[in-house]
Protein chains: 2
Amino acid sequence: MTETSSQRVSEALGDWRRSHHCSQLRITDVDREVCLMGWVQFRRDHGGLIFIDLRDLNGRTQVVFNPEINAEAHARAHVLRSEYVLAVQGVVRARPEGMRNAALPTGDVEVEVRSWKLLNSAKTPPFPIEERVEVTESTRLEYRYLDLRRPQCTRNMIVRHKATQAFRDFLNREGFLELETPILTKSTPEGARDFLVPSRPNPGAFYALPQSPQLFKQLFMVAGMDRYYQVVRCFRDEDLRADRQPEFTQIDLELSFADQAQVMELAEAMIRHVFKETLDIALPNPFPRLTHAQAMHDYGVDKPDIRFDLLLHDVTDIVAGSQFKLFAAAKLVKALVLPQGAGLSRNDIDQLTEFVKIYGAQGLAWIKIKADEWQSPIAKFLSPEERAGLTAALGLREGDIVFFQAAAPEIVNAALGNLRLELAERFDLVDKTRFQPVWITDFPLLEHDPDAQRWVARHHPFTSPQDGHEEIMVERPGEALAKAYDLCLNGYEVGGGSVRIHSAALQEQMFAALGIPEQEARGQFGFLLKALEFGAPPHAGIAFGLDRLVMLMTGSASIRDVIAFPKTQKASCLMTQAPSPVSTVQLRELGMKLREAVK
Amino acid sequence: MTETSSQRVSEALGDWRRSHHCSQLRITDVDREVCLMGWVQFRRDHGGLIFIDLRDLNGRTQVVFNPEINAEAHARAHVLRSEYVLAVQGVVRARPEGMRNAALPTGDVEVEVRSWKLLNSAKTPPFPIEERVEVTESTRLEYRYLDLRRPQCTRNMIVRHKATQAFRDFLNREGFLELETPILTKSTPEGARDFLVPSRPNPGAFYALPQSPQLFKQLFMVAGMDRYYQVVRCFRDEDLRADRQPEFTQIDLELSFADQAQVMELAEAMIRHVFKETLDIALPNPFPRLTHAQAMHDYGVDKPDIRFDLLLHDVTDIVAGSQFKLFAAAKLVKALVLPQGAGLSRNDIDQLTEFVKIYGAQGLAWIKIKADEWQSPIAKFLSPEERAGLTAALGLREGDIVFFQAAAPEIVNAALGNLRLELAERFDLVDKTRFQPVWITDFPLLEHDPDAQRWVARHHPFTSPQDGHEEIMVERPGEALAKAYDLCLNGYEVGGGSVRIHSAALQEQMFAALGIPEQEARGQFGFLLKALEFGAPPHAGIAFGLDRLVMLMTGSASIRDVIAFPKTQKASCLMTQAPSPVSTVQLRELGMKLREAVK
């Protein structure tokens, strides 16, 4: 049937009001007069009747147009197409036996239409509004308002909402104040990844969008606000990796008069509450804890997925004198056993070798433990003592395969740590329905930046050294540990925090350890140093990445799936075409112009 | 006593944990061992004892250092100064009779110190941490972290927190989803007051910071999200008037399948809930309503303070033939009676005349109603009929004074509407403890912009005309009314909303009525027009200014008092010195440079 423009004219709501959502009606509602509003999921004509599945945010209800009830209403219904917007008034009826749909909460009933209004028509959408769609992500993002109608996307938004409220409920009960920090903040020369915003009344001067509210939340503690939290937008102007967005949301909190133990205890209880309230999932109590050193030793990474074993083993000592020169010469040699993996093909091993090269590995040594021999290109170099040592240390059994990395520790850990994850993925070693948090503690305070040839803060320069490490921080920077802690979940870092420096003198010492000249420190962070002199209480905090957390909670592949209007990896919005060029007049008003080279 | 650096060394928290806040202890806690932490409000030495008022966010507790309990703890306490940060462990004691302080919730008790730690020392603050301080606002803003410690500022933050949570609680219960909209959005040529943000990966392209999430919230409705809300930061880069900030916070909501009546009903219930929960104040139910025309007629302004009368009266017809040429010639003549105001001095009247000139008035005609005469420079021009007409229309009584404005309607209304407020202020006609909301409805859809010589949307171009006004909008733009509504409170606009256009055709018609060429409309708002074609439901919404509302709730003089880290009228932060210059390197990376003229 061809649509005519008159058929597509939308009718006014008038005094119609919804009586129910599309997921509410049950067999107990039979004979009730109702008014539903929603979208046509699909229409089918059957035995002289027209059936519509009417959909809203909450669910679906079957709606029937029967010519014997209202001939005109039935006749007009032939115009209906998918995604048309309707209001229907009618009476709830039990579906005939055999026609019930146990899969649908409203599947026992249908609404027999007395009258209806066409609230709006719809063009045919570029993809069907269904659970799974065969369409590129760019089309989904261009039509995000249609993509969001799909059940999975809708559910993601609802889970995000529920999780956010669960965070707030918990923190409100714990006596936190939700306080807002500015989005137009001070730009610093250090902030290479700050978004800059020119200020019209102050030509030549710029704000920066905050990468985090770190300094403001510390100032709240100086201000005596005791316990602060905020669900806060943060910004980073960088080349986007697969799973980053230029703006992202943090659950940010800070406590006065609290130490690391108190923050971890509180944050842990909070995360348990959020999972319970949002997904009805009970997380372990308490969460397991690993020191950073232990995590690196056993898992090769600082955000381990501990849902499965496959631990890394340090075998440096065992092969220290080996005839296999690569092993003998390496600073660190580690092994990873895949139990009963000796069946891997040459091709499999080649693929894994390519995989570890991503992480800087030169290659991938391996040994298959067969009944009669160690099958391996390197087996011949290994002495009986070395074989015995490896067998004992690694608990080798017939049918296993062992992988080795021998190189600088960063490479060994990155290569085997990620190989571990890759093997788990390939051989389905992970229970994907499980959520397994783990705390990582005792991080190094500083790390050496080989490019800048100086020490930089591993978390940020406001992180407190551990007790007694104040001098180590200056004398042997690489050995100083921080009062810092990350929460990891299923191999992702979902939260991180620290005890902060609350003494101006120690903060100045930290800037010195980082090689920031006093004048520069005063210029950039003078307001913090000043504030610390007026009675700053001991304080500590933590921040959680809401996008990441909701991604994991919903089993989504990307944080883009849980952000209502995300940007692409090129940081653009395919729906609105932001960012976009602006007029010269606008730039002139800001005292700016484009560099010629730009074109 | 001189401070030595060793005395100022801060001690570690160790395993000390607070047992109570500083407002919790009561006479029933006597003999309890407690641990309190907070700031020294003041110290006094008396009869060999040292008394400290220890303060935290919640209140104060008296703490006593007694040499007979712990001589060393007492001796060390001589170092204590205002704003030092302490942890004390001790025992709750009843204060001696006669020493109790009924003004303080903890005034019946004190804590006898067993041991204590100096958590941090403090320089002498630039102003005392007290309710009222004699200090410039610029000093308060420079040391905002100290200003916020003052009881009034602290209370403002707590009220803001409570109000925000009350909004959320209400909306969560009403089935709204809190959904986040982007802060990096599309810039439009129209957006003369947009903050612009250059995008590093897209040289020459800019984001804009949103003045409101208007389009995104409409897209949420198209996306089937049904009921959306957000406590959202908005931005406006303009010369700041007394009570504006470059960033401000809105309580923003939108409903599908809802009309004006439903939104107003819900918003009204929400505001009542927020006042009840936050301040335990019962607002009227229902809120009174005025049409825009009525508000302008009676109050001269579209955000009337209806806590007092002093209505404006249209007397144009009465004086239409007057010998007083100014009255006879004017398009509109209005009068305002100040009952028993005939005692105003010449000087008073001169001041009021100067006052109305702010609003474009040429002068201020007045008449004092005396027992035997109308005392006035203009009385001699008024005929007995005119006097009789005025007396009847204005209900004039002996001792009154009447003010007149005769000019273009905008000037008459602005001058007398604001004079009305000024008189109320001067003569204390307002009950300042009262909160009086009023809805203003039936706004004009369009208004003529004399500068641009074209019609512009009075609210925004997405506002629906009233039913039947679709054609009026095109044919007689000045007469079309909008489905728009504002909520005013005590003379401030605190909220505003509208039913939105949900038909692409009507939206295009609106752009045409605004003289926006089709191509330009497509370029700027194409994504909205496209979205409206895919089954947009009828929808409507409203947004409340949180800063303004909390300012009124706390009786503050400025929104700066209820924003944690506000900016000045020059849009700068006196604490951090934002905005500030950035390096040429940073600008070059963004493909930008400063215009020479800037220096």
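Conventions and cut-offs
Residues numbered from 1 in each chain as written. Chains lettered and ligands numbered in written order. Predicted model: local features only at pLDDT ≥ 70, side-chain atom pairs only at ≥ 80, totals over all residues. Heavy atoms only, no water. Phe/Tyr/Trp six-rings, centres within 6.5 Å; stacked < 30°, edge-to-face > 60°. Helix = DSSP H or I, 4+ residues; strand = E, 2+ residues; numbered from the N terminus. Buried < 20%, exposed > 50% of the residue type's maximum accessible area, 1.4 Å probe, protein only. Contact = heavy atoms within 4.5 Å. Buried area = accessible area lost by both parts, 1.4 Å probe. Salt bridge = Lys/Arg side-chain N within 4 Å of Asp/Glu carboxyl O. Polar contact = N/O pair within 3.5 Å; in protein donor to acceptor, adjacent residues only side chain to side chain. Nonpolar A, V, L, I, M, F, W, Y, C, P; charged D, E, K, R; others polar. Patch = residues over 30% accessible without salt bridge, like charges linked within 9 Å, V, L, I, M, F, W, Y side chains within 5 Å. Areas by Shrake-Rupley, 256 points an atom, 1.4 Å probe, with all protein chains shown as cover. Lys, Arg positive; Asp, Glu negative; His and termini not counted. Charge placed at Lys NZ, Arg CZ, Asp CG, Glu CD. Pairing = 2+ DSSP bridges. Least-squares fit on C-alpha atoms with pLDDT ≥ 70 in both.

Undergrad: Give me the lowdown on the packing of aromatic side chains, citing residues and values where you can.
TA: This model, assessed by the stated rule, comprises 38 aromatic pairs over all chains. Considering the side-chain rings of phenylalanine 462 of chain A and phenylalanine 525 of chain A, the 5.4 Å spacing of their centres and the 80° angle between planes classify their relative orientation as edge-to-face. Residue phenylalanine 462 of chain A is located in the loop between β20 (454-457) and α13 (472-475), and its partner phenylalanine 525 of chain A is located in helix α15 (residues 518-532); the two are separated by 63 residues in the primary sequence. Overall, phenylalanine 462 of chain A belongs to the buried group, its relative accessible area being 6%. In this structure phenylalanine 525 of chain A comes out as buried when scored by relative accessible area, which is 9%. Both rings, one in phenylalanine 565 of chain A and one in phenylalanine 220 of chain B, keep their centres 5.1 Å apart while their planes meet at 45°; by these two values the pair is tilted. With phenylalanine 565 of chain A in the loop between α16 (546-553) and α17 (584-589) and phenylalanine 220 of chain B in helix α6 (residues 214-222), the pair connects residues from two separate chains.

Undergrad: Quick rundown of the interface of chain A and chain B? Include the residues and the values.
TA: Of the residues lining the interface, 129 residues belong to chain A; the matching set on chain B comes to 129 residues. Summing both sides of the interface, chain A and chain B together bury roughly 11400 Å²; the carbon and sulfur share of this comes to 59%. Inspection of the chain A/chain B interface yields 18 salt bridges. The salt bridge partner of glutamate 589 of chain B is arginine 193 of chain A, with a shortest N-O separation of 3.8 Å. Along the contact surface separating chain A from chain B lie 67 residue pairs in polar contact (both at pLDDT 80 or more). Looking at the side of chain A that touches chain B, the element that brings in the most residues is helix α5 (residues 151-173) of chain A, giving nine residues. Looking at the side of chain A that touches chain B residue by residue, the class counts come to 67 nonpolar, 33 polar and 29 charged.

Undergrad: Please give an account of a negative patch on the surface that cites residues and values.
TA: Residues Asp169 and Glu277 of chain A together with Asp169 and Glu277 of chain B make up a contiguous surface patch of negative charge. Tracing the backbone through its elements, the reader meets glutamate 277 of chain B in helix α7 (residues 260-279).

Undergrad: Tell me about the pairing of strand β21 (residues 484-489) of chain B, residues and numbers included.
TA: All names here are of chain B. Within β21, six of the six residues are buried, which leaves the element mostly enclosed by the surrounding structure. Side-chain alternation along β21 places Ala484, Asp486 and Cys488 on one buried face and Tyr485, Leu487 and Leu489 on a second face that is also buried. Pairing of strand β18 (residues 437-441) with β21 involves five bridges; the strand directions are antiparallel. Paired with valine 438 across the two strands is cysteine 488, which belongs to β21. Across six bridges, the pairing between β21 and strand β22 (residues 492-499) is antiparallel. Bridged to aspartate 486 within β22 is glycine 496. Count of turn residues in the β21/β22 antiparallel hairpin: two residues, of which asparagine 490 carries a positive phi of about 50°.

Undergrad: Account for the relation of the copies chain A and chain B, naming residues and giving values.
TA: Rotating chain A by 180° and translating it 0.0 Å along the rotation axis places it on chain B, where the RMSD comes to 0.1 Å. Put plainly, the chains are arranged around a two-fold axis. Residue by residue, 100% of the interface of chain A is reproduced at the interface of chain B, so both copies engage with the same surface.

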